[in-house]
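Notes for the structure review
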Amino acid sequence: MKPVVLVPSRLAATRLPNKPLADLNGEPMIVAVWRRAVEADVAPVWVATDTPAIAEAVRAAGGQAVLTAPEHPSGSDRVFEALGRIDPDGRFDAVINVQGDLPTVEPATIRAAARPLEDAEVAIGTAVALIHREEERVASSVVKMVGTPLGGGRFRALYFTRAQAPWGEGPLYHHIGLYAWRRAALARFVGLPPSPLELREKLEQLRALEAGMRIDAMEVAEVPLGVDTPADLERAREILAGRGAAA
């Protein structure tokens, strides 16, 4: 495979205005996410955004950015447009989508999400982490992956849900919203209408499963902090400051 990493980012946010440009220990948050993606060392990294100020911040840090249309309904749609803009000739045959609000994500987690694409039968790779806290087992905000273990920390995903599933004794897995797409799979996905289960659970990956696309997940040790509120931003500052001190 010849992959590319794309980080979708838009300025609009209700709970944390101007979130991608929020200060994170001296640099915009989107630059911190870009750095984590570069540190993964799996492919060239681009930020895909509808906002010139975001693109300028990334370029000022030495990164690459591409402007996309503002009206995309999801990050996947933005990534697909960006892929066509930066690579109209189809040199990249896979794309790793790293959400723009995950500044603490470990580079190893990004690499793990891409690993399932080494299997030709897999259309989409992603990552999951073991749930340890009881409140997360029942929280609808924590998306669970229901899957069949394949060995070596890899699962074939059968379903994703906000409910506590599967039933009975045993581990539950927190789905981490990083995706590695085969280019053809992404092109097919964005051409499909939202599916019934996707609309019911508010989880776009269910559109892929309902269309018969295979998703495999790799278990990782962390659940990266998604920054949605001022409190999340402060926590991200503490985490990254701690990593810097440890280094």
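From a predicted model like this one, the values you see are computed outputs, not experimental measurements.

One finds Val-5, Val-7, Val-47, Val-98, Ile-110 and Leu-178 to be the most contacted residues of the largest nonpolar core, which totals 34 residues. At the level of secondary structure, the elements contributing two or more residues to this core comprise strand E1 (3-9), helix H1 (29-40), strand E4 (45-49), helix H2 (52-60), strand E6 (94-97), helix H4 (107-114), strand E7 (124-130) and strand E10 (173-182). If sequence neighbours within four positions are ignored, Val-98 has contacts with Val-5, Leu-6, Val-7, Pro-8, Val-33, Ile-110 and Leu-178. Ranked by size, the runner-up nonpolar core spans 33 residues in total, among them Trp-46, Phe-155, Phe-189 and Leu-206.

Here Asp-232 is to be found in helix H9 (residues 230-246). Those residues in contact with Asp-232, other than ones at most four positions away along the chain, are Leu-225, Gly-226 and Val-227.

Moving on, we get to the pattern of salt bridges. Going through the model one piece at a time under the given rule, you end up with 17 salt bridges. With a shortest N-O distance of 2.8 Å, Asp-216 and Arg-154 are connected by a salt bridge. A residue pair is termed long-range when its members are at least 10 positions apart, and Asp-216 in strand E11 (residues 215-219) and Arg-154 in strand E9 (residues 154-161) qualify at 62 residues. For Arg-237, the salt bridge goes to Glu-234, with nearest N and O atoms at 3.1 Å. Here the residue Arg-237 and the residue Glu-234 both occupy positions in helix H9, the gap between them amounting to three residues, near one helical turn. The partly exposed category is assigned to Arg-237, whose relative accessible area is 23%. Look at Glu-234 and you get partly exposed, because its relative accessible area is 38%. Connected via shared salt-bridge partners are Asp-119, Arg-154, Arg-214 and Asp-216.

Criteria and thresholds
- Here the residue numbering is sequential within each chain, running from 1 through the sequence in written order.
- It should be noted that, the model being predicted, local features are given only for residues of pLDDT at least 70 and side-chain atom pairs only at 80 or more, the latter also being counted only at that level, while totals for whole chains, interfaces and linings use all residues.
- Note that the side-chain values use all heavy atoms of the structure and ignore hydrogens as well as water.
- For our purposes a nonpolar core is just a set of buried Ala, Val, Leu, Ile, Met, Phe, Trp, Tyr and Cys residues, chained together by side-chain atoms within 4.5 Å.
- Note on exposure labels: buried denotes an accessible area under 20% of the residue type's maximum, exposed denotes more than 50%, and partly exposed covers the range between, all computed with a 1.4 Å probe on protein chains only.
- By the criteria applied, helices consist of DSSP H or I runs no shorter than four residues and strands consist of E runs no shorter than two, each listed in order from the N terminus.
- The contact rule is simple, with two residues in contact once any of their heavy atoms fall within 4.5 Å.
- Salt-bridge detection follows one rule: a side-chain nitrogen of Lys or Arg within 4 Å of a carboxyl oxygen of Asp or Glu.

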